[in-house]
Amino acid sequence: MKFTIDWLKDHFDSKLNDEKIIDKLTNIGLEVESFQSQQSELDHFLVAKIVSSEKHPNADRLKVCEVDIGRNENVKVVCGAPNAKKNLITVYAPPGAVIPKNQMKLSVSKIRGVTSYGMLCSEAELKLSNESEGITELSTNKYKSKIGKNYFLNNTPKIIDLSITPNRADCLGVRGIARDLAAAGSGKLRKKNFPKIKSSGQQNLKVKIMNEKYQGCAAFGSYLIKGVKNKESPKWLKDKLLSIGQKPISAIVDITNYVMLDLNRPLHAYDSDKIDTEIVVRNSKKGESFEALDNKKYVLEENMCVITDKSGILGLGGIIGGTRSATELGTKNILLESAYFHPKSIRKTSRLLSIDTDAKHRFERGIDPNSIEEGLLVAAGLIQKLCGGTISKKDIQINKRFKQRKIIFPIAKLQSITGFKVPEKEIGKILDGLGFKVTKKKNVLDLIVPSWRPDIEQEIDIVEEIARIIGYDKIETKLPEKVRIKPTLNKQQKLFHFLQRSVASKGYFETVTWSFTDSKINDLFKEDKKEIEIVNPISSDLNVLRSSIFSNLIFYLKKNLERDFKDISMFEIGPIFIGNKPGDQEIVLAGLKSGLASRLNWIEKERKLDVFDSKRDVIQTLHEIGLDPVKININSKTPNYYHPGKSGAIYQNSIDKLPIAYFGEIHPNILLKADLKTDALIVFEIFLERIKIGEDKLKDLKSKFQYSDFQKSERDFAFVIDKNFEVQELIKIISDVDEDLIKSIRVFDVYEGDNIDKEKKSVALNVTIQSSNKSLTDDDLNNLNKLIISNVENKTGAKLRS
Amino acid sequence: MSDIIKIKEEYLNKLKEISDLKEINQLKSELFGKSGKISNEFKKIGSINPEERKTISSQLNDAKNELHNLIEKKINDLEINEINLKLKNERVDVTLPERTFNRGKIHPVSQVIDEISSIFSEIGFSVEEGPDVENEYNNFTALNTPENHPARDMHDTFYLDKNKKFLLRTHTSPVQVRTMLNGKPPFKIIAPGRTYRSDSDQTHAPMFHQVEGLHVDKNINMGHLKGCLNYFIREFFEVDKIKMRFRPSHFPFTEPSAEVDIGYELKDGKIIIGEGNKWLEILGCGMVHPNVLKNVKVNPSKYQGYAFGIGIDRLAMLKYGINDLRAFFESDYRWLSHFGFDPLDVPSSYRGLSR
């Protein structure tokens, strides 16, 4: 909402200066977005000083001047004036400026081979005088401190731009703003000054509001004004509109706009000669169409509120008029409409048709239903004054009567919500100022809500009115109490934060990417998940919710590879989406590493990253979050974007249906399709919500400390076993031989090749044996040895390597 | 001369000649081994008559100690010599680079969420979360923003179905709805998370982060709201003094509603939070609207409280001097490295929010 202080003062007398008014507006909830003059063409012209002046190399009568215009660097200007001398203070016009005298727009130009940036102006060129000999000479004393400043003072009035919240329909007119300011004690609201108009004759154009379901029009008031002479608006009216950046059109249109901006009362003027017989306000039928004043043809759905005549649609009520009945400069007779349209109906229609107009903006927020007559009166008075004509008696058709809203306000509510107390007398004064009718009763106020405040429905709205007018600075700051109702984080949230930092501590950069992605990349990682489309995506390459974090990670990996990074480690923890309903999502931590391990390091051998690098990061992380390493089970069933032979799925327990993590090398197809140029790419995913975390806290776990001081023994075994036999199973068989005595098993060699059957491999393991209650004898150890060998041989068909 | 003296003299002489660790160990075992000369003498003691036994055994002990000490000393000296000799050849250039290590980083958004959680944890708030995909009811209707309410225009919503029933939440406020529907008052929660609006330029990203706050109990009023936010802002920006301004505003789900500005000044093009005479809008808040309480089955004549919503990314930008919001989500390795935080920098009250 834009207006000027001058306009505000049409309604309001105040002793406050502009700045105070601006502050007050913000303090009562009418946020001032800006308070500044309109940009003016003359803002281009700057006070400048000639720093040096030399003869033009190719022209005797021209000079090349270096000019200080108050910026970091001086500009070079070619000038023909004899008085362009060093130290002269003058007026400079930069490229882009329009010279007042001849309306010539300056551009950077070459004058006899020397580039000139702008121009030094004579008084004649600036229309200051007729002096065209030489450039303007400004007094050194007066202007030496103004180098770089505007030469012309900007006299256009400053415009206040308010950001009006959707609840404050009443402040979409200057009068409403003045009323609020007055209620807040910033001045006195002037009495309304209605013109006295002489009406004669009946309004004999019949207006009818159809009584039907969904009827969007509650009341339709009109005057018929005959014999007007439409013309250009007078200066005061044009200036008023121009002062807030609106373009004047013709007196009749300008008057309706002015009344809307001033009183928040939208009006519409029809050329009544173009109306066929009568006006009927009714619901539209599907498929009806008309051409609107924005020169677009609209095809309507059913039940939109339309103003029609015998020939069809004239306009969309409260939204936009039609070209067929538009007023023109030649218009002689007009029908002036002042109506009330229901906000819901307006909003529905304008949304379906995507129309936004000033009238629609006001009607959908709810204008004052009691302003119909006032609007007619003020506008008709102005029309008659400016364009002449005779005004008929008014005609007001009512379909639905407006009911005043009443609220019983318990005075104690104010303190209960705001924490501060206001004397009853002051409460009464504030509400009265805002237009409430106040009747004091015991502990309560009986209130009648002003018709222009559709937003005020209940007690709490009254609290807000009083609080905002009193000022929020009256609210006392109460120190927060440290009372805790439940722990800050639950187990799952703790796990989230732990995982995040655990992975980061392994050299990964955490990143945050959109929850949506490009369906083309997403397809590479979606598997058989449903594609979740966004109906109105921000762009076609962010058109689906991500089915995998890799959809985005891979994209940004590529960007970083293109920046010439080679060894990249990144991860993200966040949601992936399985469906389009709330809850169809899962938190995943996905990480990737590209390139080489120890690139260009003098002491370490370069090697490509491989599946076991990724396995290390995942397993270590899982250990750190407290999973039992013995129970973890791994198989090779992984999604299709993993390398089929070099990836694994991790299960928290061998009986679990769903894995808690995947790790491995990426499928070579992905590298190809995503066009990734890297030495190697390993990835992993951890599915946070699938991890079962016990109820035990660390204090429970730590207290179970047991250790053994008895002698430890180690034995090495090498088994020759089927090539495809998984070592995980071999370890389990050994460990099952005696879970108490066998403390750990390490694989220290896997060998295939010479001396070993082609279908076999040799696996060498180191087994640590320790009892928790005695020293083991040689016999004990030998027995265990034999058991291990026989168990492995019997269960796997392996042979101890001799 | 007794055997003992003889042995002693003989070996003392031998020891003088020897400077090789192996030979000394050889000597040692000749004397003290299982059938070494001194060991044998000890074995004989039992058969010596009692009169002489005392003298001889003391003689033997003396000899044993003297030889033993000498041998140990000699061994020790030789070992040290040997190490010293070895050390002369064991010099490396320690200025050569170490073995590879990789530093990870935590994203500023995550770090700031942790900072926020830590601050609110101190005053008894717990963390709640909700889904990114919401239904239209939780995101709007329950929050007193019925269909056809102009306030819906303030949010450019991403929809997931043609009927506009399912959407990406435009704010974290639906977590309020979920929390209150699923529990009983009092409520004292914050809800950080991703939020979405179809808006994209230098200061708007289609995805951003908010933290919602909600405190509902029997006597919570705007004074508590002011106190809570004042505490939060001061702690978050780690400044002693903070200038704050509560300005009336409008949100459908709170009433009275306020926007909060904080004071700042510009120094060398950088925003300094705290004092100064410029105002920066940083959050919206208010008292939970009775209609919202009714919608979530909380009795508004018994309970009341406040709610607030803060842009997390914006807080991060202000605190850590980040200019471009979009850069948060572009995963530029250089940016992540510069603005990221060490994973060991876990914000907490005892170590301070940040280093």
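Residues numbered from 1 in each chain as written. Chains lettered and ligands numbered in written order. Predicted model: local features only at pLDDT ≥ 70, side-chain atom pairs only at ≥ 80, totals over all residues.

It is worth spelling out the interface of chain B and chain A at this point. Contact residues are listed per partner, giving 71 residues for chain B and 82 residues for chain A. When contributions to the side of chain B that touches chain A are tallied by element, the ones reaching two or more residues are helix 5 (108–122), strand 1 (126–127), strand 2 (133–135), strand 4 (187–196), helix 8 (222–237), strand 6 (244–251), strand 7 (254–267) and helix 11 (333–339) of chain B. Looking at the side of chain B that touches chain A, the element that brings in the most residues is helix 8 of chain B, giving eight residues. (Contact = placed C-beta atoms within 7 Å. Helix = DSSP H or I, 4+ residues; strand = E, 2+ residues; numbered from the N terminus.)

Ile225, Leu336, Ala379, Ala380, Ile383 and Ile466 of chain A together with Cys285 of chain B are the most contacted members of the largest nonpolar core, which totals 156 residues. Beyond its immediate stretch of four places on either side in the chain, Leu336 of chain A contacts Ser222, Tyr223, Ile225, Leu267, Ala269, Leu376, Ala379 and Ala380 of chain A. (Core = buried A, V, L, I, M, F, W, Y, C linked by C-beta atoms within 7 Å. Buried ≥ 20, exposed ≤ 12 C-beta atoms within 10 Å, placed from the backbone.)

Partitioning chain A into structural domains gives domain 1 (2–38 + 156–189), domain 2 (41–146), domain 3 (206–398), domain 4 (406–474), domain 5 (491–690) and domain 6 (707–800). Relative to domain 5 of chain A, the C-alpha centre of domain 2 of chain A lies at a distance of 64 Å. (Domains from an automatic or database assignment.)

Axes are the key here: two packed helices are described by the angle between their axes and the distance separating the axes. Residues and elements named next belong to chain B. Following both chains from N to C, one finds helix 2 (residues 21–32) and helix 4 (residues 50–88) inclined at 160 degrees, their axes separated by 10 Å at the closest point. Between helix 2 and helix 4, the angle falls in the class roughly antiparallel. In this structure, helix 2 meets helix 4 at a crossing whose hand is left-handed. Two secondary-structure elements touch here, helix 2 through Leu21, Ile24, Leu27, Lys28 and Leu31 and helix 4 through Leu67, Ile71, Lys74, Ile75 and Leu78. In the contact of helix 2 with helix 4, the residues fall into eight nonpolar, no polar and two charged. (Axes fitted to C-alpha atoms, helices over the stretch in contact; angles between N-to-C directions. Parallel < 35°, antiparallel > 145°, perpendicular 65-115°, else oblique. Left-handed = near helix turned anticlockwise from the far one by under 90°. Nonpolar A, V, L, I, M, F, W, Y, C, P; charged D, E, K, R; others polar.)

Residue and element names in this part refer to chain A. Strand order in the open sheet formed by five strands is 15-18-21-22-23, with mixed pairing between adjacent strands. The open sheet terminates on both sides in strands that have one partner only, identified here as strand 15 (206–209) and strand 23 (320–321). Pairing geometry for strand 15 and strand 18 (residues 278–283), over four bridges, is parallel. Within the sheet, the bridge partner assigned to Ile209 lies in strand 18 and is Val281. (Pairing = 2+ DSSP bridges.)

How big an interface is tends to be reported as the loss of accessible area on association of its parts. Taken domain by domain, chain B comprises domain 1 (3–88) and domain 2 (108–339). Computed over C-alpha atoms only, the centres of domain 1 of chain B and domain 2 of chain B are separated by 85 Å.

Residues and elements named next belong to chain B. Cis geometry is adopted by the peptide bond preceding Pro186, which originates at Pro185 and carries an omega value of 5 degrees. By the secondary structure assignment, Pro186 is in the loop between helix 7 (174–182) and strand 4. Looking along the chain, the bond that leaves Glu255 and enters Pro256 is cis, with omega of -5 degrees. On the secondary structure map, Pro256 appears in strand 7.

A few words on the packing of helix 19 (residues 727–737) of chain A against helix 20 (residues 778–796) of chain A. All names here are of chain A. Look at helix 19 against helix 20: their axes get within 9 Å of each other, and the N-to-C directions meet at 135 degrees. Accordingly, the angle class assigned to the pair helix 19 and helix 20 is oblique. In this structure, helix 19 crosses over helix 20, and the sense of that crossing is right-handed. Along the contact surface, helix 19 presents Leu730, Ile733, Ile734 and Val737, while helix 20 presents Leu787, Ile788, Asn791, Val792, Lys795 and Thr796. Along the lines of polarity and charge, the residues of the contact of helix 19 with helix 20 split into seven nonpolar, two polar and one charged.

Residue and element names in this part refer to chain A. Strand 40 (residues 661–666) sits mainly inside the fold: six of its six residues count as buried. For strand 39 (residues 642–651) and strand 40, the ladder comprises five bridges, and the chain directions are antiparallel. Across the sheet, residue Ala649 finds its bridge partner in strand 40, namely Tyr662. Pairing analysis gives five bridges linking strand 40 to strand 41 (residues 681–687), with the strands arranged antiparallel. By the bridge assignment, Tyr662 is partnered in strand 41 with Glu685.

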